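A structural walkthrough
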Amino acid sequence: MFRQARWNERLIFELGWPGRRGYVVPKVEKEILEAVGGLKTLLPQELQRRTPPQLPELSEAEVVRHYIRLSEMNYGVDSGFYPLGSCTMKYNPKVDEVIAKSPHITMTHPYQDERTVQGTLEILYLLANWLAEITGTFEVSLQPAAGAHGEFLGTLIMRAFHKSNDELEKRTELIVPDSAHGTNPASGAMGGFKVLVVPSDEEGCVDLDALESAVSERTAGLMLTNPNTLGIFEKNIERISEIVHKAGGLLYYDGANLNAILGKARPGDMGFDIVHMNIHKTFGTPHGGGGPGSGPIGVSKSLERFLPIPRILFDGHRYHLDYDKPHSVGKIRSFYGNTGVLLRAFTYILSLGAEGLEAAAEVSVLNANYVMKKLMKIRGLDLPYALERPRKHECVISCKRLQRETGIRALDVSKRILDYGMHSPTTYFPLIVDEALMIEPTESFEKKELDRFVNIVQNISSEAYSTPDVVLKAPQNTAITRLDEAKASHPRTMALSWIMYQKRNL
Amino acid sequence: MSKASVHPYIPNSVQEIKDAMIREVGVSRIEDLYSDVPRKYWLQRRLALPRGKSEQEIRRLVEKTLAKNRTIQDMPIFLGAGCSPHYVPAAVEAIVQRTELFSSYTPYQPEVSQGMLQALFEYQSMICAITATEVANCSMYDWASALGEAVRMATRLTHRAEALVPRIIHPERMMTLAAYTKPAGIVVNPIGYEAETGLLDIEELRANITERTAAVYIENPTFLGLIETHVDKIAEIAHDHGALFIVGVDPLSLGVLRPPGEYDADIVVGEGQALGNPMNYGGPMLGIFACRDDMQLIRQMPGRTIGMTRTVDGKQRGFCMALQTREQHIRRERATSNICSNESLCAVAAAVYLALLGPTGLRELGETIMCKTRYAMNRIAEVDGVNIPLFTSPHFKEFTVNFDQAGKTVHDVHESLLQHQIHGGKSLCQDFPEFGETALYCTTEIHSKEDIDRLGQTLKMILGGKS
Ligand SMILES: Cc1ncc(COP(=O)(O)O)c(C=O)c1O
């Protein structure tokens, strides 16, 4: 039976002892001290910190044990099945980690002379080209730090494009489907656009009539995930592209689901003008408990001039950083991108090659359909939208019937899954499915693990009909039992830091 | 379509298993699962990518390529400007290598993610401790984007659309700020500096602040490494005009410098890379974002934040994401930001780092950096024709070196230094021509006395034969 470690670990502020230390800062050389004096002579009293910060005081051994215990109360992809839909929780290859720790990358500074970082520039240059090939775009910028950052950059490029046509004033609307991820409308708003939502049709795809009536001379663009967040391929993509382009808008590809079509089809070929990739999803780099990721974007030829500075050029001998881009949207961050993450993507692609990437796509799709077919048969669960159509890399199941018949909600199912030693699917997304469980097995898990997942859900369904209390009380085998999430957000009980907790006397 | 190719990362790539599953699914080939992709979009060829390689081949190839780089282990590098070389304790590396942490995602299921949640809560708490604020989020992408978000937040809170920022900040930060604010119709006005001290020109600030000003932003230390002395005055001016006061910090300075919370900063941003994260050629970085305990501010804060709570049965303390209703996945186009994935693992590294250093270590490190900075400035000042620094205020970590009187360009000096296996500072010539032939140098605890002496001697040699 699954039992997660339950250390009841105190906060680090409650551990340790005054005077203990976990790290010794090397002494300043005596000659330096003699030459410059100490802090007293260097920093006028009134600029100095008077009360030391409330940091913990622990020995190195205590610090390490504390965080090891915390890590034991955390479930990762290396722990087991992690079908968190939309997040593409793939295996993170160990060789990528080893290479990413090379001092040749970690110990280089972004402003080093180009001649001293040719290795890195070569890797980034090649990677950008490979990503352009994979997405069917003309040029890729590696700079965004995550998918949403790429989306924001995409809206800036839309602005720049419409401005170059003297149309920015009137092109004020960005269209997103109602199945879109929250970052899409949020990015549109950050980019200064009014967000229009188009509904999905009964097949779970963009409703073409609604789209026709949504576009106008005010349309800046459409953001679309394909396959979409139901795991369904937008088969009318040609028509969608036509409608948007005819209206003068740009088509943006949210690459969160790119894994499904690697080597099978390319967004650029489907008419997408701007494409982001979530490196931490599609290219197997660690999600890091919420980052760092990386979200490069690729664009069509006509938009290349708007990409951020600098870009990496190769003159046949040397790699250069080129800042000479007068039409560029400028910068959306410091430096060049999350190089440490991008390097892992480089080694990932080297490992799989063209053939392996395609195999990854195929198996991820096979796994998802396999799980879907089995889940559909489970009492209380339904497959909303397009029953007859295959899914791609993920599927969305509704627990609405289960809820109606037993009172057990998707949330409860997800909590009970944890008890069986698996991570649960994404819940309540996309918003167009009631009581949604969004399941993305990825290609990283073996058939046996998929079968085990299906069995677990089957068990939970039986429990819901016979002993619903077990499900409602879940989870019990985890580091902690079900949490009161509302309390964490209530102004009176909110504690977002140790100091806030102490001040509020909670 | 791919022939049977079994890959170590793809367990079900074994043909037999695939066949069994295909049968279960009820299709005859995997291609059938792509039948709804219009034929015309089927890629009719293999992607033009290298063939898959074995792990051993990959290591040989990539390590050989990376070996073309030169690092701070090969030569002293005096570069900073927002990304700086610091020692990363081995214990930090040991923790961030725990795959339970790094191979997890956003803690959507808090009951199996208490480790990450508590570590991030501790990170937030430590950021509050060093900045003297009460609230922090669990990271932004970097300092520059955190600044963009902070100014946007200030305009939402004040319903005003202008921000005043120092003219001398990192050009990339200024560009990022422009990218983040322009679409919202926010006007960013630069404020100059006092000729002698290099600090923010208070009179210019007074002359430019109006009832349209949403925020006054300063950096302490400044981009040029100067410690701002008028912080209380600036806070007062901002608040007198109903504007928010945003302060950008180098967290490693906060063991010795007055923290922004003590001089009434409303929002604090900064670059957390220095806290236990390697430079990695400039990414990932770690955007610090903190603010006062004020519900109005908290509700407008961007990004993810972790809160303490209790179990439903009330028996036990635990952690989960808080205030998600501000965030994109719930609030959508009305969210306070679009950020989703952030830099959480870097934040964990920062927490471990700060826990190891403790209050004493942080102060000692700050003092060490100040001593080394001063020492480097002294040594370089001995070189004929070098004007160092341009301004009189105390410095932290970074300082300017001007070569005008030496009759050499920053470029010349850099080339000569590089020949002597030393990497000089960042040229400011293009971005700030008003400073002439000036470079921004950075010294931290990783620069030994020997490194600094060698820099001084080499500069002497290079500039000795001046015309
Ligand atoms: C469909 C979709 N779009 C966009 C995003 C945002 O990506 P990121 O977290 O890399 O910013 C996600 C992330 O979960 C997603 O699932």
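The rules behind these values
- Residues numbered from 1 in each chain as written.
- Chains lettered and ligands numbered in written order.
- Predicted model: local features only at pLDDT ≥ 70, side-chain atom pairs only at ≥ 80, totals over all residues.
- Heavy atoms only, no water.
- Helix = DSSP H or I, 4+ residues; strand = E, 2+ residues; numbered from the N terminus.
- Expected span 1.5 Å × (residues − 1).
- Bend = angle between axes of the 7 residues up to and from the residue.
- Buried < 20%, exposed > 50% of the residue type's maximum accessible area, 1.4 Å probe, protein only.
- Domains from an automatic or database assignment.
- Contact = heavy atoms within 4.5 Å.
- Salt bridge = Lys/Arg side-chain N within 4 Å of Asp/Glu carboxyl O.
- Polar contact = N/O pair within 3.5 Å; in protein donor to acceptor, adjacent residues only side chain to side chain.
- Nonpolar A, V, L, I, M, F, W, Y, C, P; charged D, E, K, R; others polar.
- Buried area = accessible area lost by both parts, 1.4 Å probe.
- 1 Å grid on protein atoms, 1.4 Å probe; cavity = no way out; pocket = protein on both sides within 12 Å on 5 of 7 lines; lining within 4 Å.
- Points joined across faces, edges and corners; volume = space filled by probe spheres on them.
- Pairing = 2+ DSSP bridges.
- Phe/Tyr/Trp six-rings, centres within 6.5 Å; stacked < 30°, edge-to-face > 60°.
- Lys NZ or Arg CZ within 6 Å of the ring centre and 35° of its normal.

With that settled, consider helix H12 (residues 344-381) of chain B. All names here are of chain B. The end-to-end C-alpha separation of H12 is 42 Å, well short of the 56 Å expected for 38 residues at 1.5 Å each. Gly358 marks where H12 bends most, by close to 95°; the proline Pro359 follows one to four residues later. The element H12 is largely enclosed, with a buried count of 31 among its 38 residues.

Here we take up helix H8 (residues 183-190) of chain A. Residues and elements named next belong to chain A. In terms of burial, H8 is a largely internal element, 7 of the 8 residues being buried. Every buried residue belonging to H8 is among Thr183, Asn184, Pro185, Ala186, Ser187, Gly188 and Met190, and all of these are buried. Just downstream of H8 lies Gly192, where phi reads positive at about 90°.

Right, let's talk about the domain arrangement of chain B for a bit. Residues and elements named next belong to chain B. Domain boundaries assigned for chain B yield domain 1 (90-354) and domain 2 (358-463). Summarising the inter-unit geometry, the C-alpha centres of domain 1 and domain 2 are found 29 Å apart. Taken residue by residue, the interface counts 28 residues in domain 1 and 25 residues in domain 2. Linking domain 1 to domain 2 there are 2 salt bridges. With a closest N to O distance of 2.9 Å, Glu434 and Arg167 form a salt bridge. Inspection of the domain 1/domain 2 interface yields 8 residue pairs in polar contact (both at pLDDT 80 or more). Counted by class, the side of domain 1 that touches domain 2 contains 19 nonpolar, 5 polar and 4 charged residues.

With that settled, consider the interface of chain A and chain B. At the junction of the two partners, chain A supplies 216 residues and chain B supplies 194 residues. Together, the buried faces of chain A and chain B total about 17,800 Å²; carbon and sulfur atoms form 64% of this surface. For chain A, the biggest contributors to the area lost against chain B are Arg49, Met190 and Leu496 of chain A; these three give 4% of the whole. Between Glu133 of chain A and Arg45 of chain B there is a salt bridge whose closest N-O contact spans 2.7 Å. Between chain A and chain B we count 102 residue pairs in polar contact (both at pLDDT 80 or more) in total.

Attention now goes to empty space enclosed by the protein. Residue and element names in this part refer to chain B. On inspection of all chains with the given rule, the structure shows 7 cavities of 30 Å³ or more. Here the largest cavity defines a volume of roughly 220 Å³. What lines the largest cavity is a set of 18 residues, among which Gly82, Trp143, Asp250, Lys397 and Glu398 lie closest to the centre. Of the residues that constitute the lining of the largest cavity, the class distribution is 8 nonpolar, 5 polar and 5 charged. Each of domain 1 (90-354) and domain 2 (358-463) gives at least three residues to the lining of the largest cavity.

The subject of this paragraph is the sheet that holds strand S10 (residues 398-402) of chain B. Residue and element names in this part refer to chain B. One open sheet accounts for 3 strands, arranged S10-S12-S11; its pairing is antiparallel. Here the strands that pair on one side only, and so sit at the sheet edges, are S10 and strand S11 (426-427). Two strands pair when backbone bridges link them, and S11 and strand S12 (residues 438-442) are joined in this way by 2 bridges, in the antiparallel orientation. The partner of Lys426 across the bridge, within S12, is Leu440.

Residues and elements named next belong to chain A. Taken in spatial order, the 3 strands line up as S10-S12-S11 in an open sheet, and their pairing is antiparallel. Because the sheet does not close on itself, it has two edges, and the strands there are strand S10 (395-398) and strand S11 (426-427). Sheet topology places S11 next to strand S12 (residues 436-439); 2 bridges connect them, and they run antiparallel. Across the sheet, residue Thr426 finds its bridge partner in S12, namely Met438.

Let us now look at the packing of aromatic side chains. As enumerated under the stated definition, the model contains 27 aromatic pairs over all chains in all. Aromatic side chains Tyr23 of chain A and Tyr87 of chain B sit 6.1 Å apart centroid to centroid with 10° between the ring planes, which places their arrangement in the stacked category. With Tyr23 of chain A in the segment before helix H1 (30-36) and Tyr87 of chain B in the loop between helix H2 (55-66) and helix H3 (90-96), this residue pair bridges two chains. Ring plane angle 85° and centroid distance 5.1 Å describe the contact between Phe81 of chain A and Phe445 of chain A, whose orientation is recorded as edge-to-face. Of the two residues, Phe81 of chain A is situated in the loop between helix H3 (60-72) and helix H4 (94-100) and Phe445 of chain A in the loop between S12 and helix H15 (447-466); the sequence distance between them amounts to 364 residues. Like Phe445 of chain A, Phe81 of chain A is buried. One aromatic cluster is present, formed by Tyr193, Phe223, Phe391, Phe432 and Phe435 of chain B through successive ring pairs. Across from the ring centre of Tyr34 of chain B, 4.8 Å away, lies the NZ or CZ of Lys264 of chain A, which sits over that ring.

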